[in-house]
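What the coordinates show
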Amino acid sequence: MRIRTELIIFFLIISVVPLSAVVYMSYDYSKEAIRNTVMTNLLGATENSGNAIDNWMDARKDDIRVISRSEFAINMKKDELREYMSAYESEHEGVYEEFFLLDLDGNIVFSTLNRTGNAAQEPYFIEAARGKLYISDVSLSEINGYPEIIVTNPVRKNGSISGILAARVSMENLYRILENIDIGKSGEIFIVNKDGDIIFHSNRSVILHKNINNNFAVNEVTYEKNGINEYVNYKGEKVLGSYYWLPLYRWGLVVEKNIDEAYSGVFNLERRMLSISSFALIAVVLVAVVVSRRITGPIKSLEEGATGLLSGNFKPIPVSSGNEIGKLTKIFDDTALELLEIRKKLEAKIDIANKDLEQKNKELIAANEELKKLDEMKSDIISLVSHELKTPLSSIRISAEYLESEAKNYPQAQKDMLGIIIRNIDRLTRLINDILDLSKIEAGKMELQLERVDIRDIVNAAIENTKLLSLKKNISITADIPGNISQVIGDREKLIIVMNNLVENALKFTADGGSILLSVKEDADSIEVTMKDTGIGIEKDKLEKIFDKFYQVDSTSRRKIGGLGLGLSIAGGIIRAHGSEIHVESEIEKGSTFSFRLKKAGK
Ligand code: ADP
């Protein structure tokens, strides 16, 4: 992840987490506060309504009490009573629809509406006759069909009940008072009786026509409980409702508010919190981006500078501030310039050294050429001299052989000397031949007469050539060659020289009574020839050197043995000319094994 992204994430985490916590906590706190306020207000509105009902009803009760204690009522002065009551009616306009007096049998003896009749069965008569002020349930008036209550109180004369005063009270006035109480825009206020019938509602047509006893608030309030709660009202709307039981009249007062409107403050708060949080988040992101850019900008320049330095395209980075990054940039610039300077110097030095090397190389090539020429000259001289030596040597040998054939009567000492002369001529001839072979090998002039060769012939020839020596030293030479062995491609004479040299060496470096095994094995495309002896062996660190010319393992025991150290160089050279190599393995006092491979001839 890029540093800039990491920084932005870091800033976001350290600012957004506490910010969200603060926002959430204050939201939660304010939400509760708003809820409490809403509930308190609603409870207040309910209480106001209850007070308004109580006040109004108290006024009605007072009116009835006052009238029933008046002299006109006690003494049944009808004319005065009518006047007195009409004064009440006009004082409380629209409240009293009728005042009437009943005798103790329930007969209407006086009515402001001049009604007659008997109310002996009516609860308002029965209860008042027992001596109590009585307030009836709300009912629809027989006279005008509007909701009304009947308030009755006994009239007492000399301490005993002489009649009942009744007032038919229209509820409309109380309703208007209730309607004027401030319950907010979505508020609704209604009153139910203990059966759940609506007895007050702004929609008058439902009064005593609608029963809502299966509603939560109505259930609660008709169980004479007070409280506030959220529930679904009789219209199926979710509301916050407060309910209040008025025990004196057995009325349940309910004030409801639509839940969304009631809690609109909470929703406003939510919206406000959301916009504040979004604004804060955007601000944090912007600050994070700006700050991280300020931090990572110079780092990016440093990175570009370093890449430029690597690709040899460095431009000094402008130092934009004096802070730690600015200082680092400055150090980087200085170091880079210094490095470039060093590089330039180094390149110049390398250039000079290169030129020097080139010069030296040329000189070396020239010297090498010179050496080659000298070597060729040396080889030429050696082969010339050797050649020139061969002819006189063969004449000397012929002469010596002649003398030997004539030497039957010579004294023994002369015969011995002749033998020594002939042996040494042979040695010299062999030596000259070896030197000639080697100089040809070294000059790369050795020509191979390639032909199909039966390896058996080569092995047998070597055994034959060394027969005298092997008999003399009592060393057995065994050949292990499969009967159907394939032919190889090679130079017959040269391969005989190789085999001769290996067997001669084995005979030279194996003590009397030892053994030599010559074995041949065949695989898919080559034939391996191995010479294994039970001789003195060769030390490990000398193994590589024995193929060098004139090399002999330094040992006094071997000094006695003839040879110039050319045999293995010649054998190695011949096998190399055949595209192969001689391998050697050896163990001191146990013996040595020399082997080489030759290509099989096709069928
Ligand atoms: P040389 O004329 O001395 O035999 P060569 O080149 O043939 O020269 O051999 C080099 C040397 O390698 C010998 O002098 C001898 O020390 C060692 N060497 C060669 N063949 C054998 C062998 N079969 N066993 C032990 N030593 C060997």
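Residues numbered from 1 in each chain as written. Predicted model: local features only at pLDDT ≥ 70, side-chain atom pairs only at ≥ 80, totals over all residues. Heavy atoms only, no water.

**Here's the deal with the sheet that holds strand β7 (residues 188-193)**
Quick note on the threshold: Should DSSP find at least two bridges between two strands, the strands are regarded as paired. In this description a helix means any DSSP run of H or I spanning at least four residues, a strand means any run of E spanning at least two, and both kinds are numbered starting from the N terminus. All axes here are fitted lines through C-alpha atoms, helices being fitted over the stretch that makes contact, and every angle between N-to-C directions spans 0 to 180 degrees.
Spatially, five strands are ordered β8-β7-β11-β10-β9 in an open sheet, and the strand pairing comes out antiparallel. What marks the edges here is a single partner per strand, and that holds for β8 (198-200) and β9 (227-232). This sheet shows a mean twist of 35° between the axes of neighbouring strands, independent of strand direction. Alignment of β9 against strand β10 (residues 238-246), held across six bridges, turns out to be antiparallel.

**Section: the side chain of Ser-580**
The condition is simple: Categorising residues by exposure relies on relative accessible area from a 1.4 Å probe, with only protein chains included: less than 20% of the type maximum marks a residue as buried, more than 50% marks it as exposed, and the intermediate range marks it as partly exposed. Working rule for contacts: check all heavy atoms of both residues, and any pair within 4.5 Å makes them a contact.
Tracing the backbone shows Ser-580 in the loop between α15 (567-577) and β17 (582-587). In this structure Ser-580 comes out as buried when scored by relative accessible area, which is 18%. In contact with Ser-580, not counting residues within four places along its chain, are Ile-575 and Arg-597.

**Details of the domain arrangement of the chain**
Keep this limit in mind: Each domain span listed reflects an automatic or database assignment of domains.
Its domain assignment divides the chain into domain 1 (69-174), domain 2 (183-262) and domain 3 (446-599). The centre of domain 1, based on its C-alpha atoms, is set 160 Å off from the matching centre of domain 3.

**Structural notes on the sheet that holds strand β15 (residues 515-522)**
Ordered in space as β13-β15-β16-β18-β17, the five strands form an open sheet in which the pairing is mixed. Edge positions in the sheet fall to β13 (476-480) and β17, since each has one partner strand and no second. With direction set aside, neighbouring strand axes in the sheet form an average angle of 15°. Where strand β16 (residues 526-533) lies against strand β18 (residues 591-599), seven bridges are found, and the strand directions are antiparallel. Within β18, the position partnered with Val-529 by the bridge is Phe-596.

**Comments concerning the site of the ligand**
Spelled out, the test is: When we say a residue is near a molecule or strand, we mean one of its heavy atoms is within 4 Å of it. Pairs of N or O atoms within 3.5 Å make up the polar contacts considered here, provided that, within protein, one atom can donate a hydrogen while the other can accept it, and that residues adjacent in sequence are counted only when both atoms are side-chain atoms. All accessibility values rest on the Shrake-Rupley procedure with a 1.4 Å probe; residue burial counts only the protein chains present in the view. In the scheme used here, Gly and all other residues not listed as nonpolar or charged are polar, with Ala, Val, Leu, Ile, Met, Phe, Trp, Tyr, Cys and Pro taken as nonpolar and Asp, Glu, Lys and Arg as charged.
Looking at the ligand, there are 19 residues lining it, with Asn-505, Lys-508, Asp-533, Gln-552 and Leu-568 nearest. One of the backbone nitrogen or oxygen atoms of Leu-568 is found 2.9 Å away from an oxygen atom of the ligand. For the ligand, the accessible surface in isolation is 530 Å², of which the surrounding protein chains cover 98%. Residue contributions to the shell around the ligand peak at three residues, all from helix α13 (residues 492-508). When grouped by side-chain class, the residues that make up the shell around the ligand number ten nonpolar, six polar and three charged.

**Looking at the side chain of Lys-61**
Along the chain, Lys-61 turns up in helix α1 (residues 3-68). Classification of Lys-61 as buried rests on a relative accessible area of 11%.

**Examining the packing of aromatic side chains**
Rule in force here: Pairing of aromatic rings covers Phe, Tyr and Trp, the last through its six-membered ring, and needs centres within 6.5 Å; plane angles under 30 degrees mean stacked, over 60 mean edge-to-face, and all others mean tilted. Geometrically, a charge over a ring is one whose NZ (Lys) or CZ (Arg) sits within 6 Å of the ring centre while staying within 35 degrees of the ring normal.
Applying the stated criterion across every chain, the model contains eleven aromatic pairs. An angle of 80° between the planes, with centres 5.5 Å apart, marks the rings of Tyr-84 and Tyr-88 as edge-to-face. Taken together, the residues span about one helical turn, with Tyr-84 and Tyr-88 both in helix α3 (residues 78-91) at a distance of four residues. The exposure class of Tyr-88 is buried, given its relative accessible area of 12%. Summarising the aromatic geometry, the rings of Phe-190 and Tyr-234 are spaced 5.5 Å apart at their centres and angled 80° between planes, so their arrangement reads as edge-to-face. With Phe-190 in strand β7 and Tyr-234 in the loop between β9 and β10, the pair connects residues that are 44 residues apart, well separated along the chain. Aromatic ring contacts, followed pair by pair, group Phe-72, Tyr-84 and Tyr-88 into a single cluster. Positioned over the ring face of Phe-100 is Arg-115, at 5.1 Å from the centre of the ring.

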